[in-house]
Amino acid sequence: MFKKWKEKWKVSWLQFVLIICTFACGGSLCGFVGRKLLSFTSLEKGLIYFIVYIITMSILWPFCVLLISIPLGQFTFFRNYLQRMANRMTRKVNTTRRIAIFASGAGSNAAKIIEHLQKNQHIQVSLIVCNKPEAGVLNIAKANNIETLLIEKEIFFRGDAYVNTLKAKHIDFIVLAGFLWKVPAALIQAYPNKIINIHPALLPKYGGKGMYGNFVHEAVVASGDIESGITIHYVNENFDEGKHIFQVSCAVSKDDTPDMVAAKIHQLEHQHFPKVIEEVVLATE
Ligand code: GAR
């Protein structure tokens, strides 16, 4: 459990311990101050006292934790932590994040993402963007009543990269799920840190131009690597070079064919990609 939190917060073990100490000391200080404040009132211990105590604690807690975080050197972490908490609580509770999935292929990932996000009322897959009229993902969009946008190379690379169209459709976030064109600068600038991609290998290995789908698995098998995996990352202007968000590996045995590796990778993608998207989208302003 601790390891999970440490990874979630992206901190060292030392910082993790200091954060836990801050939580503990901040909580105790909050309890102490809360009780002291209530002692100045004439409230008898009972339901009303309890309710007022809870409200007082909720108001005091962020201040106490921030105060304790200063001597423990964790002020920046807690400032960001409280900011994220506040954003989550005040986040336009009624606002739905609208995401567009860009895909060029069969769309098995798109299908899993749609299925998973149907359970989240704050995120909606609003658009499927595709560059191939015969791509299977278009049928998935149709089956799920999701609007589609078939894009043209000329507009994508030399026009406005469909920024105006996406903005007009109120798209907040873009997910590349088997989309093979390079994303132009205009789109990246219009959606800073709001475009993520999945790559079917453990980047930085087996990435770059021409490395997609089965070419990746063939390269893994040809190299005799004993593992492969998936990388979910932000998209920048270079193929597969954006900041990593998530990686998970799987074993590759010497008898595995590229198709067998592909099956293992798809399983990992389907298991993790929808959940990672959900987390990243909700954590994005
Ligand atoms: C996925 O394995 C994805 O990682 C890969 O294309 C496949 C699409 O499958 N993407 C890349 O290779 C990008 N470089 P799907 O259409 O069944 O979701």
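Not measured: the values here are computed from a predicted model.

Student: Help me understand the overall build of the protein chain in this model?
Tutor: Assigned secondary structure in the protein chain consists of eleven helices and seven strands. Taken along its principal axes, the extent of the C-alpha atoms in the protein chain is 75 × 45 × 30 Å. Relative to its full complement of 285 residues, the protein chain shows a buried share of 41%. For the protein chain, long-range pairs separated by at least 24 residues make up 63% of all intrachain contacts whose partners lie at least 6 apart in sequence. Taken as a whole, the protein chain presents about 15,900 Å² of accessible surface, with 60% of it coming from carbon and sulfur. Charge-centre separation for the protein chain: the mean point of 31 positive side chains lies 10 Å from the mean point of 22 negative side chains.

Student: Mind showing me how you'd approach the packing of aromatic side chains here?
Tutor: Remark: the centre distance and the inter-plane angle together describe each pair of aromatic rings, the angle taken between the planes. A complete count under the given rule lists 22 aromatic pairs for this structure. Here Trp 13 and Phe 16 contribute two aromatic rings whose centre-to-centre distance is 5.4 Å and whose plane-to-plane angle is 85 degrees, an arrangement assigned as edge-to-face. Of this pair, Trp 13 and Phe 16 both sit in helix H2 (residues 13–39), three residues apart, which is roughly one turn of that helix. With a relative accessible area of 4%, Phe 16 lands in the buried category. One aromatic cluster is present, formed by Phe 2, Trp 5, Trp 9, Trp 13, Phe 16, Phe 23, Trp 61, Phe 77, Phe 78 and Tyr 81 through successive ring pairs. Here the basic side chain of Lys 167 rests over the ring of Tyr 191, its NZ or CZ set 4.1 Å away from the ring centre.

Student: Hey, could you run me through a nonpolar patch on the surface in this one?
Tutor: Side chains of Leu 47, Phe 50, Ile 51, Ile 54, Ile 55, Ile 59 and Phe 63 sit close together on the surface and give an oily, nonpolar patch of about 740 Å² of accessible area. Its location among the elements puts Ile 59 in helix H3 (residues 47–69).

Student: I'm lost on the site of the ligand in this one. Help?
Tutor: If you check the shell around the ligand, you find 14 residues, and the closest are Gly 107, Ser 108, Asn 109, Gly 213 and Glu 269. Note that an oxygen atom of the ligand is positioned 2.8 Å from one of the backbone N or O atoms of Gly 107. Here an oxygen atom of the ligand sits 2.4 Å away from a polar atom, N or O, in the side chain of Glu 269. Out of a free accessible area of 450 Å², the ligand has 91% covered by protein chains. If you list the elements that add at least two residues to the shell around the ligand, you get helix H5 (108–117), strand E5 (195–199) and helix H11 (258–283).

Student: Mind showing me how you'd approach the pairing of strand E2 (residues 123–130) here?
Tutor: Both faces of the sheet carry side chains from a regular strand, because those side chains alternate between them. The element E2 is largely enclosed, with a buried count of seven among its eight residues. Strand direction decides the pairing type here: strand E1 (residues 97–102) and E2, joined by six bridges, are parallel. Opposite Phe 102, over in E2, you have Val 129 as the bridge partner. In this fold, the crossover linking E1 to E2 by way of H5 has right-handed handedness. Across four bridges, E2 lies against strand E3 (residues 147–150) in parallel orientation. Looking at E3, one finds that Ile 128 is bridged to Thr 148. Read as a crossover between parallel neighbours, the route from E2 over helix H6 (residues 137–143) to E3 is right-handed.

Student: Just checking my understanding: could you explain the pairing of E1 for this structure?
Tutor: For E1, the tally of buried residues reaches five of six residues, placing the bulk of the element in the interior. Here four bridges tie E1 to strand E4 (residues 173–176), and the two strands are oriented parallel to one another. Among the inter-strand pairings, Ile 101 is bridged to a residue of E4, identified as Val 175.

Student: Explain the sheet that holds strand E6 (residues 227–234) here, please?
Tutor: Within a sheet, each strand pairs with its neighbour through backbone hydrogen bonds, oriented either parallel or antiparallel. Spatially, E3-E2-E1-E4-E5-E6-E7 is the arrangement adopted by the seven strands of the open sheet, whose pairing is mixed. In this open sheet, the two strands that pair with only one neighbour each are E3 and strand E7 (244–251). Averaged over all pairs of adjacent strands, the angle between their axes in this sheet comes to 20 degrees, without regard to strand direction. Where E5 lies against E6, four bridges are found, and the strand directions are antiparallel. Across the sheet, Ile 198 pairs through a bridge with Ile 232, a residue of E6.

Student: Explanation requested: the packing of helix H10 (residues 213–223) against H11 in the structure shown.
Tutor: Between H10 and H11, whose axes approach to 8 Å, the crossing angle comes to 115 degrees. Between H10 and H11 the crossing geometry is right-handed. Each of Asn 214, His 217, Glu 218 and Val 221 in H10 lies in contact with H11, whose residues at this interface are Pro 258, Asp 259, Val 261, Ala 262 and Ile 265.

Student: Would you mind showing me how to read the nonpolar core here?
Tutor: Across soluble globular proteins, nonpolar side chains show a tendency to be buried alongside one another. Counting 39 residues, the largest nonpolar core has Ile 99, Ile 101, Ile 113, Val 125, Val 175, Phe 273 and Ile 277 as its most contacted members. Core analysis: the second largest hydrophobic core is formed by 22 residues, Phe 102, Val 129, Ala 161 and Tyr 191 among them.

Student: I'm lost on a positive patch on the surface in this one. Help?
Tutor: A contiguous patch of positive charge, built from Lys 4, Lys 8, Lys 10, Arg 84, Arg 88 and Lys 243, is present on the exposed surface. Elements represented by at least two residues in the positive patch include exactly helix H1 (2–9) and helix H4 (75–90). Within the secondary structure, Lys 243 is located in the loop between E6 and E7. Residue classification places Lys 243 among the exposed residues on the basis of a relative accessible area of 60%.

Parameters and conventions
Residues numbered from 1 in each chain as written. Predicted model: local features only at pLDDT ≥ 70, side-chain atom pairs only at ≥ 80, totals over all residues. Heavy atoms only, no water. Helix = DSSP H or I, 4+ residues; strand = E, 2+ residues; numbered from the N terminus. Buried < 20%, exposed > 50% of the residue type's maximum accessible area, 1.4 Å probe, protein only. Contact = heavy atoms within 4.5 Å. Areas by Shrake-Rupley, 256 points an atom, 1.4 Å probe, with all protein chains shown as cover. Lys, Arg positive; Asp, Glu negative; His and termini not counted. Charge placed at Lys NZ, Arg CZ, Asp CG, Glu CD. Phe/Tyr/Trp six-rings, centres within 6.5 Å; stacked < 30°, edge-to-face > 60°. Lys NZ or Arg CZ within 6 Å of the ring centre and 35° of its normal. Patch = residues over 30% accessible without salt bridge, like charges linked within 9 Å, V, L, I, M, F, W, Y side chains within 5 Å. Salt bridge = Lys/Arg side-chain N within 4 Å of Asp/Glu carboxyl O. Near = heavy atom within 4 Å. Polar contact = N/O pair within 3.5 Å; in protein donor to acceptor, adjacent residues only side chain to side chain. Pairing = 2+ DSSP bridges. Right-handed = clockwise from strand over helix to strand, strands pointing away. Axes fitted to C-alpha atoms, helices over the stretch in contact; angles between N-to-C directions. Left-handed = near helix turned anticlockwise from the far one by under 90°. Core = buried A, V, L, I, M, F, W, Y, C linked by side-chain atoms within 4.5 Å.

Note that every value here comes from positions in space, so none of it alone points to a role or purpose.
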